[in-house]
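Notes for the structure review
Letter by letter, the chains look like this.
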Amino acid sequence: MLFLKIIFLLSFSTLIFATNNLQSNYFIQNDFIMLSDIVHVKKKDDKKLFTIEKYRHSKRIQKDKLLKILQKNGYKNYTSKHSYIQFTKRSPIDATFIKKSIKKFYEKKYQNITISSVVLTPTHYLEKLPKNYSVHFNKRAHLSRKGVLYIKTNDNKKIFFNYEIRAIVTVLLARNNIKKDSEISSINTKKNSIILSKFRAMPLQSLHVSKYQAKHNLKTDAVITSRDVIGLYLVKRGSRIYISLKNAGINIFFSAKALQSGRFGDTIRVIQQNGKKLKVTVIGRNKAEVQ
């Protein structure tokens with residue numbers, strides 16, 4: 001019982017002395033900065049702190065100056081990792097179409113993705129959007145939850161935006177340690193839903209039977225990406241394979257020895273028992289056909 005009381009007191013003291021970090025940038029709706037733009041405050045206790053100069057849409061304030069103001073208003077447990085805190089007036093634009101384009105872009109890349117929110121901000125203040133434009137993404141944008149996109153107007157003008165999404169994606173993980181050259185299968189992999197953060201390459205989202213093998217050693221619970229796999233060798237050099245040949249509408253089957261290793265669709269050389277060599281196309285595990 002005494003132990004539980006100690007844990008409770010430690011937790012309580014941690015909450016009391018916990019510090020809040022100021023953001024590097026706050027978005028505001030008006031031409032002035034209110035206390036409520038920074039902290040949660042009752043309406044009757046809210047007050048104006050700064051005014052943004054005419055014809056400007058942002059204001060930078062030294063952290064020491066802002067922290068002193070917060071302390072005077074009773075908010076002492078605040079700190080900042082940034083020398084300056086910026087306040088930016090939010091652009092009064094309807095970005096619904098751009099946000100829908102972001103969702104469509106990610107949903108096209110991932111077989112199973114659930115997007116809960118999209119935050120979009122122009123890199124500079126905009127009074128309005130152009131009437132006609134198209135939305136463009138970086139080639140590898142889908143590998144990260146946040147990035148920069150631009151819209152392109154009919155006269156080729158580019159307007160840039162920062163964006164960030166919150167999403168859950170389904171990917172393949174290593175069920176256990178996978179050794180290099182091992183086949184990727186349902187035995188050594190598992191599907192799991194994870195928060196989209198940042199991938200170094202496109203993650204595998206489903207399992208294609210007899211298609212991949214590990215390019216290098218993979219650790220348990222590692223996300224398997226396109227960089228981690230190569231095409232699976234369905235035929236290995238020196239193995240006996242079965243070959244089909246269509247001749248005058250008749251299927252002929254015979255076996256031969258592979259002189260080369262091959263993946264699906266590869267053309268390899270084989271040698272028959274009579275010593276005759278020919279080229280065949282790999283169509284399955286230890287299977288090929290004469291084209």
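Higher on the page you've got the structure.
These notes cover the structure that comes with them. (Residues numbered from 1 in each chain as written. Predicted model: local features only at pLDDT ≥ 70, side-chain atom pairs only at ≥ 80, totals over all residues. Heavy atoms only, no water.)

Counting its regular elements, the protein chain contains 3 helices and 21 strands. Taken over C-alpha atoms, the radius of gyration comes to 30 Å for the protein chain, far larger than the 19 Å a tight globule of 291 residues would show. By its C-alpha atoms, the protein chain is 95 × 70 × 30 Å across when sized along the principal axes. Expressed as a percentage of its 291 residues, the buried residues of the protein chain come to 34%. For the protein chain, contacts bridging at least 24 residues in sequence account for 55% of all contacts bridging at least 6. Summed over all atoms, the accessible surface of the protein chain reaches about 19400 Å², with 51% contributed by carbon and sulfur. (Helix = DSSP H or I, 4+ residues; strand = E, 2+ residues; numbered from the N terminus. Rg over C-alpha atoms; globule rule 2.2 N^0.38 Å. Buried < 20%, exposed > 50% of the residue type's maximum accessible area, 1.4 Å probe, protein only. Contact = heavy atoms within 4.5 Å. Areas by Shrake-Rupley, 256 points an atom, 1.4 Å probe, with all protein chains shown as cover.)

With that out of the way, let us pick up the environment of aspartate 266. On the secondary structure map, aspartate 266 appears in the loop between strand 18 (262-263) and strand 19 (267-271). In this structure, the C-alpha to C-alpha distance between aspartate 266 and lysine 59, residues 207 residues apart in sequence, is 62 Å. Leaving out residues up to four positions away in the same chain, aspartate 266 has contacts with Val280, Thr281 and Val282.

Okay, the layout of surface pockets next. Its boundaries defined by the atoms lining it, the largest pocket holds a volume of some 250 Å³. Taken together, Phe27, Ser117, Val119, Leu120, Thr121, Lys146, Gly147, Asn162, Tyr163, Glu164 and Arg166 make up the full set of residues lining the largest pocket. When contributions to the lining of the largest pocket are tallied by element, the ones reaching two or more residues are strand 8 (113-122), strand 10 (146-153) and strand 11 (158-174). Classifying every residue of the lining of the largest pocket by side-chain character gives 4 nonpolar, 4 polar and 3 charged. In this structure, the second largest pocket occupies an estimated 180 Å³ of space. Looking at the lining of the second largest pocket, the elements with two or more residues in it are strand 2 (25-28), strand 7 (84-89) and strand 8. (1 Å grid on protein atoms, 1.4 Å probe; cavity = no way out; pocket = protein on both sides within 12 Å on 5 of 7 lines; lining within 4 Å. Points joined across faces, edges and corners; volume = space filled by probe spheres on them. Nonpolar A, V, L, I, M, F, W, Y, C, P; charged D, E, K, R; others polar.)

It is worth spelling out the pairing of strand 2 at this point. Burial of the side chains of strand 2 is restricted to one face: Tyr26 and Ile28 are buried, whereas none of Asn25 and Phe27 on the reverse face is. In terms of strand pairing, strand 2 meets strand 7 through 4 bridges, oriented parallel. By the bridge assignment for strand 7, tyrosine 26 is matched with phenylalanine 87. (Pairing = 2+ DSSP bridges.)

On the basis of which strands lie adjacent, the open sheet formed by 3 strands has the order 2-7-5 and mixed pairing. Sheet topology places strand 2 and strand 5 (58-62) at the edges, where each strand pairs with a single neighbour. Neighbour to neighbour, the strand axes of the sheet diverge by 20° on average, direction disregarded. On top of the sheet, helix 2 (residues 63-72) reaches strand 5 and strand 7; it is set at about 85° to strand 5, its chief contact. (Axes fitted to C-alpha atoms, helices over the stretch in contact; angles between N-to-C directions.)

Glancing now at empty space enclosed by the protein. Using the criterion set out here, one finds 1 cavity of 30 Å³ or more in the structure. Around the largest cavity, the lining residues are Phe27, Thr88, Lys89, Arg90, Ser91, Thr121, Pro122, His124 and Tyr125. Residue assignment for the lining of the largest cavity shows that the elements contributing at least two residues are strand 7 and strand 8. Across the lining of the largest cavity, the residue classes break down as 3 nonpolar, 4 polar and 2 charged.

A few words on helix 3 (residues 96-109). In this model, helix 3 (14 residues) spans 20 Å end to end at C-alpha, consistent with the 20 Å of a helix rising 1.5 Å per residue. Along helix 3, the positions that sit buried rather than exposed are Ile98, Ser101, Ile102, Phe105 and Tyr106. Taken down its axis, helix 3 places every buried residue within 125° of arc, on the same side. In this structure, helix 3 carries Lys100, Lys104 and Lys108 as exposed residues pointing more than 90 degrees from its buried face. (Expected span 1.5 Å × (residues − 1). Arc of directions from axis to C-beta.)

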